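So the chains spell out like this:
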Amino acid sequence: PAWSPDGKEIAFVRFRYGSAQLWLMNSDGSRQRPLTNVGSWNDHPSWSPDGRRIVFSAIRNDRRDLYILNLTTGRQHQLTQDSASDQAPVWSPNGKWIAFVAFRLKSNVSDLWLVKPDGSDDHPFTTSSDNDLAPSWSADSSRIVYAKDEFWGHDHDLYSVGLADAKETPLSSLDWPEDTPATAS
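This write-up is about the structure you can find in this document.

1. Points about the sheet that holds strand β16 (residues 168-170)
(1) Moving on: Pairing in this open sheet of four strands is antiparallel, and the strands run β13-β14-β15-β16 from one edge to the other. What marks the edges here is a single partner per strand, and that holds for β13 (131-137) and β16. Averaged over all pairs of adjacent strands, the angle between strand axes in this sheet comes to 30 degrees, irrespective of strand direction.
(2) Moving on: Bridge count for β13 against strand β14 (residues 143-149) is five bridges, and the pairing is antiparallel. Within β14, the residue paired with Asp132 across the bridge is Lys148.

2. Concerning the nonpolar core
(1) Moving on: Formed by 13 residues in total, the largest nonpolar core has its most connected members in Leu114, Trp137, Ile144 and Tyr146.
(2) Moving on: Among the elements of the structure, β10 (98-106), β11 (109-115), β14 and β15 (156-162) are those that each provide at least two residues to this core.
(3) Moving on: In terms of residue count, β10 provides more of this core than any other element does, three residues in total.
(4) Moving on: Grouped together as the second largest cluster of nonpolar side chains are eleven residues, Ala2, Leu22, Leu35 and Leu69 included.

3. Brief notes about the pattern of salt bridges
(1) Moving on: Counted by the stated rule, this structure contains nine salt bridges.
(2) Moving on: Between Arg64 and Asp43 there is a salt bridge, with its nearest N and O atoms 3.0 Å apart. With Arg64 in strand β7 (residues 63-70) and Asp43 in strand β5 (residues 41-47), this pair connects stretches of sequence that are 21 residues apart.
(3) Moving on: For Arg64, a relative accessible area of 13% gives the class buried.
(4) Moving on: Across the pair Arg63 and Asp65 runs a salt bridge whose closest N-O atoms are separated by 3.1 Å.

4. Overview of unusual backbone geometry
(1) Moving on: The backbone of Asp121 shows a phi angle near 55 degrees, a positive value even though the residue is not glycine.
(2) Moving on: Along the chain, Asp121 falls in the loop between β11 and β12 (123-124).
(3) Moving on: Residue classification places Asp121 among the partly exposed positions, given a relative accessible area of 41%.
(4) Moving on: Positive phi, normally seen in glycine, also occurs at Ser141, with a value near 65 degrees.
(5) Moving on: Looking at the element boundaries, Ser141 is found in the loop between β13 and β14.

Criteria and cut-off values
Residues numbered from 1 in each chain as written. Predicted model: local features only at pLDDT ≥ 70, side-chain atom pairs only at ≥ 80, totals over all residues. Heavy atoms only, no water. Pairing = 2+ DSSP bridges. Helix = DSSP H or I, 4+ residues; strand = E, 2+ residues; numbered from the N terminus. Axes fitted to C-alpha atoms, helices over the stretch in contact; angles between N-to-C directions. Core = buried A, V, L, I, M, F, W, Y, C linked by side-chain atoms within 4.5 Å. Buried < 20%, exposed > 50% of the residue type's maximum accessible area, 1.4 Å probe, protein only. Salt bridge = Lys/Arg side-chain N within 4 Å of Asp/Glu carboxyl O.

See below:
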């Protein structure tokens, strides 16, 4: 689930009959309504800072790509078009970038990628021999914290990387997996 920037609504995924669709509800649970009804799988909603759009990942035509839903018009447009799997998008607080997890460079290893909301400047942000997962932006949009999975689920360490210098800084190295990082706004 993802809170709207004004805190009045929550976007969430409803799983039914082997599919996953995006839904929206008021923060008190009232007015639940579907946002998607296309494709068999839509997940990982993330709000634009202005609250007018939601980026999400979806499986359509046997491919997982990113889409942006305009909440005013109800229109969706495809943001990424790659034969690899693009997933877990997160909109930067300043609205300039969307970070996401992609299996593009190596089919069995994920990296973090960045793309502008108009679909331009789609490029890798981290490239390593480990799985880079679960990106989360700093409040000023200058850094991303994420989990690095070195042994497929057996060792998640947290790292931070700067947008300007792409310098990776280890934040934790514990035997117990740290899962999904989140930053305070």
